[in-house]
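Residues per chain, in single letters:
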Amino acid sequence: MISRGILMLVLTAAFSGVSPAATNPFLGKWNITATSATGSYPYWLEVQEENGRLAGSFLNRSGSVRPLPEIAIEGEELVFSLGGNPNRPEAPKPVHRARIEDGKLVGALITGNDRIPWIGVRPPAWGERNANAAHRYGPPVSLFNGQDLSGWGVQNPNRPIGWTVEDGIMVNEAKANNLVSTQTFKDFRLFVEYKLEPKSNSGFYLRGRYELQVLDDAGTDAGPLGHMSIYSRLAPAVNASRPAGEWQTMEAVIAGNRTTVVLNGRKVHDNQVIEGITGGALDSNEGTPGPIMIQGDHGRIWIRKIVVTPIL
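Predicted model, so just to flag it, every value in this text is computed and none were measured. (Residues numbered from 1 in each chain as written. Predicted model: local features only at pLDDT ≥ 70, side-chain atom pairs only at ≥ 80, totals over all residues. Heavy atoms only, no water.)

Along its length, the chain carries one helix and 22 strands. If you line up the chain on its principal axes, its C-alpha atoms span 65 × 45 × 40 Å. Across the 312 residues in the chain, those meeting the buried criterion constitute 44%. Sequence separation of at least 24 residues holds for 58% of the intrachain contacts in the chain that already meet a minimum separation of 6. Per element, the accessible surface of the chain, about 14,900 Å² overall, is 50% carbon and sulfur. Positive and negative side-chain charges of the chain, numbering 30 and 30 respectively, have mean locations separated by a distance of 2 Å. (Helix = DSSP H or I, 4+ residues; strand = E, 2+ residues; numbered from the N terminus. Buried < 20%, exposed > 50% of the residue type's maximum accessible area, 1.4 Å probe, protein only. Contact = heavy atoms within 4.5 Å. Areas by Shrake-Rupley, 256 points an atom, 1.4 Å probe, with all protein chains shown as cover. Lys, Arg positive; Asp, Glu negative; His and termini not counted. Charge placed at Lys NZ, Arg CZ, Asp CG, Glu CD.)

Below is the structure:
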């Protein structure tokens with residue numbers, strides 16, 4: 001449970017309109033890496049003050065970025081939680097507690113007697129980047145040779161790959177592994193030709209961190225979880241999806257934290273800022289090159305061409 005002291009602080013801030021701290025070092029975005037017995041994985045956190053009150057958004061490894069229903073400052077600690085499990089009200093509620101140490105946010109996820117430590121750092125200073133600029137490109141890198149899956153690894157080495165090449169096309173079984181390119185890239189243009197089965201769900205991860213959602217949703221309204229959304233962060237300007245079974249083309253340019261995306265010849269993102277990692281990201285090391293990841297653990301997708309052209 002969150003202590004009575006924290007609860008009183010939240011209520012005081014809510015009813016008085018007073019900032020939880022005159023100078024709040026917790027404010028802003030944090031790229032977080034947690035370390036458990038089974039390996040490391042990312043979180044993402046943003047702390048804000050809204051109308052004099054503390055507020056926050058959190059990405060809990062997978063899924064969507066969610067507003068924090070509980071966030072407060074107790075002494076020198078930031079304390080926040082997404083709440084308990086409504087299906088298991090008897091289970092201990094996961095709570096994060098963190099302090100600022102040498103400019104980093106050092107904390108832990110505490111669930112009952114379990115504790116998973118994590119460290120948060122500030123995102124890179126991206127500077128003036130523009131995905132629409134007249135970039136100078138290097139030689140294109142084809143990530144699929146039409147014959148086999150050389151050049152690809154998997155996200156989970158303990159699971160079967162679940163991908164094959166059929167008639168010069170790479171295709172996954174439903175609930176297959178996620179493919180991860182062995183090459184990494186920083187700023188680049190990505191071009192993909194693909195098609196989906198009905199009701200399929202997949203995704204292309206730029207640098208392994210930012211998912212461009214792939215979804216059979218032709219004819220529906222554009223939304224933050226729809227085809228070519230920056231998953232849970234930004235809806236495409238229009239729904240440019242083609243029906244399941246038809247070949248589609250996607251071209252995305254990423255420069256720093258900005259991207260322009262064209263789906264089936266229609267611009268759906270125009271030099272948009274990517275505010276942070278999305279659910280399922282491989283890591284939160286935003287300033288470093290990363291691979292292309294193809295989501296295979298949802299529905300089926302067929303890919304006949306995937307090419308990365310680095311920006312020099």
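As summarised here, the arrangement of the five strands in space is β11-β14-β21-β16-β17, forming an open sheet in which the pairing is antiparallel. Single-partner strands in this sheet number two, and they are β11 (152-154) and β17 (210-215). One ladder, built from three bridges, connects β11 with strand β14 (residues 179-181); its direction is antiparallel. Bridge pairing in β14 places V154 opposite L179. (Pairing = 2+ DSSP bridges.)

Let's shift gears to the nonpolar core. Core analysis: the largest hydrophobic core is formed by 41 residues, its most contacted members being Y194, F204, M228, M250 and I306. Ignoring any residue separated from it by four or fewer positions in sequence, one finds I306 in contact with V141, S142, L143, F144, W152, L190, F191, V192, I292 and I294. Ranked by size, the runner-up nonpolar core spans 20 residues in total, among them A34, Y41, L45 and I71. (Core = buried A, V, L, I, M, F, W, Y, C linked by side-chain atoms within 4.5 Å.)

Next up on the list: unusual backbone geometry. Within the chain, D167 stands out as a residue other than glycine whose phi angle is a positive 55°. Structurally, D167 can be placed in the loop between β12 (163-166) and β13 (169-172). Here D167 falls in the exposed class, since its relative accessible area comes to 81%. Of note in the backbone geometry, K175 takes a positive phi value of approximately 65° without being a glycine. Tracing the backbone shows K175 in the loop between β13 and β14. Its relative accessible area of 58% is what places K175 among the exposed residues.

Tallied over the full model, the rule gives 12 salt bridges. We note a salt bridge from E193 to R304, for which the minimum N-O separation is 2.8 Å. Placement of the pair is E193 in strand β15 (residues 188-196) and R304 in strand β22 (residues 301-310), with a sequence separation of 111 residues. The buried category is assigned to E193, whose relative accessible area is 18%. Each of E74, E76, E77, R97 and R99 takes part in a single network of salt bridges with overlapping partners. (Salt bridge = Lys/Arg side-chain N within 4 Å of Asp/Glu carboxyl O.)

What follows concerns the side chain of E77. Here E77 is to be found in strand β6 (residues 77-81). Residue E77 is classed as buried on the basis of its relative accessible area of 17%. In this structure the side chain of E77 is engaged in a polar contact, spanning 2.7 Å, whose partner is the side chain of R97. (Polar contact = N/O pair within 3.5 Å; in protein donor to acceptor, adjacent residues only side chain to side chain.)

For the rest of this paragraph, the subject is the sheet that holds strand β7 (residues 95-101). The sheet built from nine strands is open, its strands ordered β4-β3-β2-β1-β9-β8-β7-β6-β5 with antiparallel pairing. Each edge of the open sheet carries a strand with a single partner, namely β4 (66-67) and β5 (70-74). Relative to strand β3 (residues 53-59), strand β2 (residues 39-50) runs antiparallel, the two being bridged by seven bridges. Looking at the pairing, V47 lines up with G56 of β3.

The geometry of an aromatic ring pair is captured by two quantities: the separation of the ring centres and the angle between the planes. According to the stated counting rule, one finds six aromatic pairs in the structure shown. Both rings, one in Y41 and one in Y43, keep their centres 5.5 Å apart while their planes meet at 85°; by these two values the pair is edge-to-face. For the residue pair Y41 and Y43, the accessibility class agrees, reading buried in each case. Summarising the aromatic geometry, the rings of Y43 and F58 are spaced 5.2 Å apart at their centres and angled 40° between planes, so their arrangement reads as tilted. Residue Y43 is located in strand β2, and its partner F58 is located in strand β3; the two are separated by 15 residues in the primary sequence. In this structure, Y43 and F58 share a single accessibility class: buried. Directly above the aromatic system of Y41 lies the positively charged group of R61, at a separation of 3.6 Å from the ring centroid. The side chain of R122 reaches across the aromatic face of W30, ending 3.7 Å from its centre. (Phe/Tyr/Trp six-rings, centres within 6.5 Å; stacked < 30°, edge-to-face > 60°. Lys NZ or Arg CZ within 6 Å of the ring centre and 35° of its normal.)

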